[in-house]
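# Observations on the model geometry
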Amino acid sequence: MSAETATAQQIADREMIARIGRGDQSAFDALYDRLSGPLYSLALRMLGDAADAQEALQDVFLQIWSRAGAYDPQQSSVFSWSVLLTRSRVIDRLRARGRRLRVLVDVEEDPTEAADASTAESVADTVNKDDEAVRVRSILNNLPSEQREVIELAFFTDLTHHEIATRLGQPLGTVKARIRRGLLKLRERLRTRL
Amino acid sequence: MITEEQQDQAALYALGLLDLDEAAAFESELGASAELRNFVRELREAAGDLALSVPSQSPPASLKRRVMSEIVLETEQSAPISRRYPSFAWAPWAIAAILILFCGLLALDRARLQRELANIRAADPLMQTIFFTLTPSESGPADAKATVAWQPGQQTGVIRITNLPIPESGRDYQLWAVDAAHKDPISAGVIRVDKNGVAQIRFKPVEMAQQVKAFAISLEREGGVPKKEGPILLAGTA
């Protein structure tokens, strides 16, 4: 997806971030309401502790406030920028504590995750963002297991690709290829939402 | 055309898995290829969407209040320097100047008060008077008492004595000033009590007393002596 083919939500996000860059607190308030849920959920998933996740989220939003002026729409959407910022801050915290792997959820064995596609549908009827969440979970769950495994390790933990290779007992090239293929499949399948 | 190796690096870059050197090398490639930049952007979007795969949780409302408070605080602290800091720039100098002025005023006021105190002391004899209470020594009459009012500036004093019996014939009581600047006590004259053992006499030491530490009464030969010879009967400090 290029910057020129942005969705209405992405355009609205860009306008909000531009206003935040000019010190508009009401725009920040609105962006917080839009992003705090998914960013908090991500931080909680990675850190496994509500208090830590809240501290991380506070750091992230303060960074959004201070760095909004430097946001470049050519590089990523506001949502992806915020997600990757959150992930970066969470990894900083994980590494600072010396915790190599805080939480690793096996989607297939997690009853909550296994039920997501069905249980989330009722919520998705009323909230668009939940539609999107259900869809992303479905796409992720439908990746080949070896690709989903490396994607989840690469995204939800602080392991490097070298460490993932060691952990899985796979050659580094294999791990790189699985990450590439998995991410490309996600991209292709998510593209259809447009 | 994006090579497979570039795609591998792009995927790792989008997920933030490259180390600093690898990332720097890849960014130099990005700078040269709009196609590669667009590819990375798409991978980033896909990576960002992974966050949506996590079961949704809402942060507590208190967190938003904390964040908004921080924002307001940060905004206040980062207000334009031209508006905020001039006052802080000159404030220490202003405070120093005020302190210097205040100290100067205090010094002037202290000098004025000292002058006023000196004037008051000069005008009021009581302010210049040092009182000494003399009590009997072991060889002195037990009931005898004496009080000396000494005015250093005038080098004079008054002594009042009670219950001091009249000395035997050929003897007199003699008053001495024990001065810090003199090796021996300075004679302040012979004292004669009445039949009731009372005396009130104005005296003046025979020599200048710099700093009288005590007064004493001794029993001496009649008419007094230039240097103390007899026993001390009464003595006391201020």
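About the thresholds
- Residues numbered from 1 in each chain as written.
- Chains lettered and ligands numbered in written order.
- Predicted model: local features only at pLDDT ≥ 70, side-chain atom pairs only at ≥ 80, totals over all residues.
- Heavy atoms only, no water.
- Helix = DSSP H or I, 4+ residues; strand = E, 2+ residues; numbered from the N terminus.
- Buried < 20%, exposed > 50% of the residue type's maximum accessible area, 1.4 Å probe, protein only.
- Contact = heavy atoms within 4.5 Å.
- Areas by Shrake-Rupley, 256 points an atom, 1.4 Å probe, with all protein chains shown as cover.
- Patch = residues over 30% accessible without salt bridge, like charges linked within 9 Å, V, L, I, M, F, W, Y side chains within 5 Å.
- Salt bridge = Lys/Arg side-chain N within 4 Å of Asp/Glu carboxyl O.
- pLDDT = per-residue confidence, 0-100.
- 1 Å grid on protein atoms, 1.4 Å probe; cavity = no way out; pocket = protein on both sides within 12 Å on 5 of 7 lines; lining within 4 Å.
- Points joined across faces, edges and corners; volume = space filled by probe spheres on them.
- Lys, Arg positive; Asp, Glu negative; His and termini not counted.
- Axes fitted to C-alpha atoms, helices over the stretch in contact; angles between N-to-C directions.
- Nonpolar A, V, L, I, M, F, W, Y, C, P; charged D, E, K, R; others polar.
- Buried area = accessible area lost by both parts, 1.4 Å probe.
- Polar contact = N/O pair within 3.5 Å; in protein donor to acceptor, adjacent residues only side chain to side chain.

## Side note on the overall build of chain B
The secondary structure content of chain B amounts to six helices and eight strands. Listing every helix and strand of chain B by position from the N terminus yields α-α-α-α-α-α-β-β-β-β-β-β-β-β. Of all 238 residues assigned to chain B, the portion counted as buried reaches 36%. Contacts in chain B between residues far apart in sequence, at least 24 positions, make up 55% of those at least 6 positions apart. Roughly 14,100 Å² of accessible area belongs to chain B as shown, and the carbon and sulfur atoms make up 57% of that amount.

## Observations regarding the overall build of chain A
Within chain A, the regular secondary structure consists of 10 helices and zero strands. Along chain A, from the amino end to the carboxyl end, the secondary structure elements read α-α-α-α-α-α-α-α-α-α. By residue count, 52% of the 194 residues in chain A fall in the buried class. Looking at chain A alone, contacts between residues at least 24 apart form 65% of all its contacts between residues at least 6 apart. Accessible surface, chain A as shown: approximately 8,400 Å² in total, 47% of it carbon and sulfur.

## Re a nonpolar patch on the surface
Together, B:L101, B:L105 and B:L108 make up an exposed nonpolar region whose accessible area comes to about 330 Å². The topology assignment puts B:L108 in helix α6 (residues 86–123).

## Focus on the confidence of the model for chain B
Of all residues in chain B, 90% attain a pLDDT of 70 or more, and the chain-wide mean is 86. Under the prediction, the complex receives an ipTM of 0.79, its pTM being 0.56.

## Section: the layout of surface pockets
Size it by volume and the largest pocket reaches roughly 860 Å³. If you trace the largest pocket, you find 32 residues lining it, with A:L84, A:S88, B:Y13, B:G16 and B:R44 closest to the centre. Of all elements in the fold, only α4 (78–96) and α9 (161–168) of chain A together with α1 (4–14) and α2 (20–32) of chain B reach the threshold of two or more residues within the lining of the largest pocket. Of all the elements, α4(A) adds the most residues to the lining of the largest pocket, at eight residues.

## Focus on the side chain of A:R178
All names here are of chain A. Relative to the elements of secondary structure, R178 occurs in helix α10 (residues 172–191). Look at R178: it is buried, it has no salt bridge, and the nearest opposite charge is E149 at 5.2 Å. Among all residues touching R178, those that are not within four sequence positions of it are E146, Q147, V150 and Q170.

## Looking at the packing of α2(B) against helix α3 (residues 34–49) of chain B
All names here are of chain B. Between α2 and α3, whose axes approach to 5 Å, the crossing angle comes to 120°. The residues of α3 that touch α2, namely those facing F26, E29, L30, G31 and A32, are A34, L36, R37 and V40. Class assignment of the residues belonging to the contact of α2 with α3 gives a composition of six nonpolar, one polar and two charged.

## Some remarks on the interface of chain B and chain A
Contacts between the two partners involve 44 residues from chain B and, on the opposite side, 62 residues from chain A. Buried surface at the junction of chain B and chain A, both sides included, amounts to about 4,900 Å², of which 63% is carbon and sulfur. Counting the surface chain B buries against chain A, the share from its top three residues, B:R41, B:L50 and B:L52, is 14%. Taken together, the links from chain B to chain A amount to five salt bridges. Put simply, B:E42 and A:R187 hold a salt bridge, and the shortest N to O gap is 2.6 Å. Run the count over chain B and chain A and you get 16 residue pairs in polar contact (both at pLDDT 80 or more). Broken down by secondary-structure element, the contributors of at least two residues to the side of chain B that touches chain A are α1, α3 and α4 (61–77) of chain B. Considering each element in turn, the side of chain B that touches chain A owes the most residues, 11 residues, to α3(B).

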